[in-house]
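Overview (structure and organization)
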Amino acid sequence: MDNHTMDNTPDQVTLTLDDGSELTCDVLAIFPVNINNEEQSYIALLPSDPKPEDEIFLYRIVWHGEEDIELLNIEDDDEFDAVSDAFDELLDEEELDEMLGDEEEE
């Protein structure tokens, strides 16, 4: 992936793929992960018009100002596993919060 820019809406990122085509993705989460005793920022993306075979994309974020970001592929298997686990935990927490929120409304 060559180029990554934030759209006017902060919930979407447009990815420019290797073949030059663009893919608009919804931002599912931006979250920190501690890698080698250093906190890094990561992003989870899902294509805006998902197909059943689509997967969630995980990237490391490098910020250049408030809205300009660079997304870096996660090359290291250990780093990817840590990021994937952190994202899974984040999803589990959100599901728990939703369940508890539903119970409180009753």
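Up top is the structure these notes are about.
To start, this report covers the structure provided alongside it. (Residues numbered from 1 in each chain as written. Predicted model: local features only at pLDDT ≥ 70, side-chain atom pairs only at ≥ 80, totals over all residues. Heavy atoms only, no water.)

Evaluated as defined, the whole model comprises one salt bridge. The shortest N-O distance in the salt bridge between Glu-79 and Arg-60 comes to 3.0 Å. Residue Glu-79 is located in helix α1 (residues 77-105), and its partner Arg-60 is located in strand β5 (residues 57-64); the two are separated by 19 residues in the primary sequence. (Salt bridge = Lys/Arg side-chain N within 4 Å of Asp/Glu carboxyl O. Helix = DSSP H or I, 4+ residues; strand = E, 2+ residues; numbered from the N terminus.)

It is worth spelling out the packing of aromatic side chains at this point. Applying the stated criterion to the full structure yields three aromatic pairs. Aromatic pair Phe-31 and Tyr-42: ring centres 6.4 Å apart, planes at 35°, arrangement tilted. Of the two residues, Phe-31 sits in strand β3 (residues 22-35) while Tyr-42 sits in strand β4 (residues 38-47), which places them eleven residues apart along the sequence. By relative accessible area, Tyr-42 is classed as buried at 0%. Members of the aromatic cluster, each reached through a chain of ring pairs, are Phe-31, Tyr-42 and Phe-87. (Phe/Tyr/Trp six-rings, centres within 6.5 Å; stacked < 30°, edge-to-face > 60°. Buried < 20%, exposed > 50% of the residue type's maximum accessible area, 1.4 Å probe, protein only.)

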